[in-house]
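A structural walkthrough
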Amino acid sequence: MSYPAVAADRSRWILAQRPDLTQERQRLPVDRPSGWILEEEPDGNGVARKGVTVFLTNSECPWRCLMCDLWKHTTLAPVPPGAIPAQIDWALRDADRGSVDYLKLYNAGSFFDPRAIPPSDLPAIADRARRFQKLVVECHPRLVGDRCVEFRDQLAGTTCLEVAMGLETAHPGVLERLNKRITTDDFARAVEFLKRAQIAVRTFILVKPPFLDESESLEWAKRSIDFAFDCGVDVVSLIPTRSGNGAMEELELRQVFSPPRIETLHAVLLYGLRQGRGRVFVDLWDLDRLCSDAGVAANWKIQFHSINLRQTINPKFILANPSSPWSKDGELPAQSSNEKI
Ligand code: SF4
């Protein structure tokens, strides 16, 4: 069966490719987050800030994006009121030793989805967030609205609210096939709404989504960065597209998806930084998957981490890595094209 052209058929096809994780999802404790990590990132003035990211456990997002594997860590039913504040307390007991500036609450969906985060929990969440300089939550662009502004007010002006939204790609045809059910206009409207409410915006951009070959993916990642900054986002986070949800493995078999080359990711990051329009980060969580050699992967990880923190390019690393496309003429060498569906 070819990849469906109609959205409802696509959702069914994506669901049909999933491995059955019902038992694992039933066993997820609702008073514990899936995990938490400590990270560092620069603020808008270049000052390094410590942050804790808490991966909340809650029910699955209602959308069925082609590349999404976040549903694996979600419950089959909504969590009861009180569970999310309890999860935050559990994580902060160990993670926050008083020196953490940012809190990120990532919930494998939308923070402003009432089925994911019970609205009655929002004041308790705001209470816990107020001691941080900044709170970052994620949200689908279609759920951006008055609830964001009400929650911003609950933070009482002491904590800056930032909403992270996936643009994924500005390529209209690929965005449609990703099944996110948004257009670039929807994304632009959501950013405009948030910025008017003085809420900061971070966006996720996929590097090499399905249906694009290596050089097309470089070109469209650059265009996506330009589009996001044109809309007014403050931060771009680059996500190397990964498999792991069933559907992406099927597309790999059909040769319409493969992960990006690490050099492509590097080139996109450098392009974003050179624009000087906002902070640009590479998501380091799954970087190891892009290199078969663990030592090479570790070296790249150090470089990306350094660039993320400094927001500047390290010319020594580019010279020492002749495979970096930026050591040549700023464009990727020609690659063989993936077969299109
Ligand atoms: S909106 Fe986000 S969480 Fe929901 S399916 Fe899409 S990528 Fe996954």
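The notes below deal with the structure included here. (Residues numbered from 1 in each chain as written. Predicted model: local features only at pLDDT ≥ 70, side-chain atom pairs only at ≥ 80, totals over all residues.)

**Digging into the overall build of the protein**
From N to C terminus, the protein includes twelve helices and eight strands. Taking 2.2 N^0.38 as the reference for a compact globule, 341 residues should give roughly 20 Å; the C-alpha atoms of the protein span a radius of gyration of 20 Å, in line with that estimate. In terms of overall dimensions, the protein has a C-alpha envelope of 55 × 50 × 40 Å along the principal axes. Within the protein, the proportion of its 341 residues that are buried is 39%. (Helix = DSSP H or I, 4+ residues; strand = E, 2+ residues; numbered from the N terminus. Rg over C-alpha atoms; globule rule 2.2 N^0.38 Å. Buried ≥ 20, exposed ≤ 12 C-beta atoms within 10 Å, placed from the backbone.)

**Some thoughts on helix 7 (residues 184–196)**
With 13 residues, helix 7 extends 18 Å from end C-alpha to end C-alpha; this agrees with the ideal 18 Å at 1.5 Å per step. Of all the residues in helix 7, the buried ones are Phe187, Ala190, Val191 and Leu194. Burial along helix 7 is one-sided: seen end-on, the buried residues are contained in an arc of 100°. Residues Asp185 and Arg196 are exposed on helix 7 and point more than 90 degrees away from its buried face. Among the structural elements, helix 5 (146–154), strand 5 (160–168), strand 6 (200–207) and helix 8 (214–231) are those in contact with the buried residues of helix 7. Just beyond helix 7, the residue with positive phi is glutamine 198, at close to 60°. (Expected span 1.5 Å × (residues − 1). Arc of directions from axis to C-beta. Contact = placed C-beta atoms within 7 Å.)

**What about the sheet that holds strand 5?**
The strand order across the open sheet formed by eight strands is 1-2-3-4-5-6-7-8, and the pairing between neighbours is mixed. At either margin of the open sheet sits one strand with a lone partner, and together these are strand 1 (35–42) and strand 8 (279–282). Put simply, the sheet's adjacent strands are angled 25° from each other on average, direction ignored. Direction of pairing for strand 6 relative to strand 7 (residues 235–240): parallel, over a ladder of six bridges. Counted as the bridge partner of threonine 203 is valine 236 from strand 7. With respect to the sheet, helix 3 (residues 83–95) is in contact with strand 1 and strand 2 (48–55), its orientation differing from that of strand 2 by roughly 140°. (Pairing = 2+ DSSP bridges. Axes fitted to C-alpha atoms, helices over the stretch in contact; angles between N-to-C directions.)

**Describing the site of the ligand**
Looking at the ligand, the residues that line it are Cys61, Trp63, Arg64, Cys65, Cys68, Leu70, Ala108, Gly109, His140, Gly166 and Lys180. Along the lines of polarity and charge, the residues of the shell around the ligand split into six nonpolar, three polar and two charged. (Near = placed C-beta within 6 Å. Nonpolar A, V, L, I, M, F, W, Y, C, P; charged D, E, K, R; others polar.)

**Comments concerning unusual backbone geometry**
One can expect most non-glycine residues to show negative phi and most peptide bonds to be in trans. Of note, asparagine 179 is a non-glycine position whose phi angle comes to about 70°, a positive value. On the secondary structure map, asparagine 179 appears in the loop between helix 6 (172–177) and helix 7. Of the residues examined, asparagine 179 has 23 C-beta atoms within 10 Å and is grouped as buried. With phi around 60°, glutamine 255 is a residue other than glycine that occupies positive phi space. In this structure, glutamine 255 sits in the loop between helix 9 (247–253) and helix 10 (262–275).

**Here we look at the packing of helix 3 against helix 4 (residues 122–129)**
Between helix 3 and helix 4, the shortest axis-to-axis distance is 8 Å and the interhelical angle comes to 20°. Comparing the axis directions of helix 3 and helix 4 gives the class roughly parallel. Remark: the crossing between helix 3 and helix 4 carries left-handed chirality. Contacts from Ile84, Pro85 and Ile88 in helix 3 reach Ala124, Ile125 and Arg128 in helix 4. For the contact of helix 3 with helix 4, a count of residues per class yields five nonpolar, no polar and one charged. (Parallel < 35°, antiparallel > 145°, perpendicular 65-115°, else oblique. Left-handed = near helix turned anticlockwise from the far one by under 90°.)

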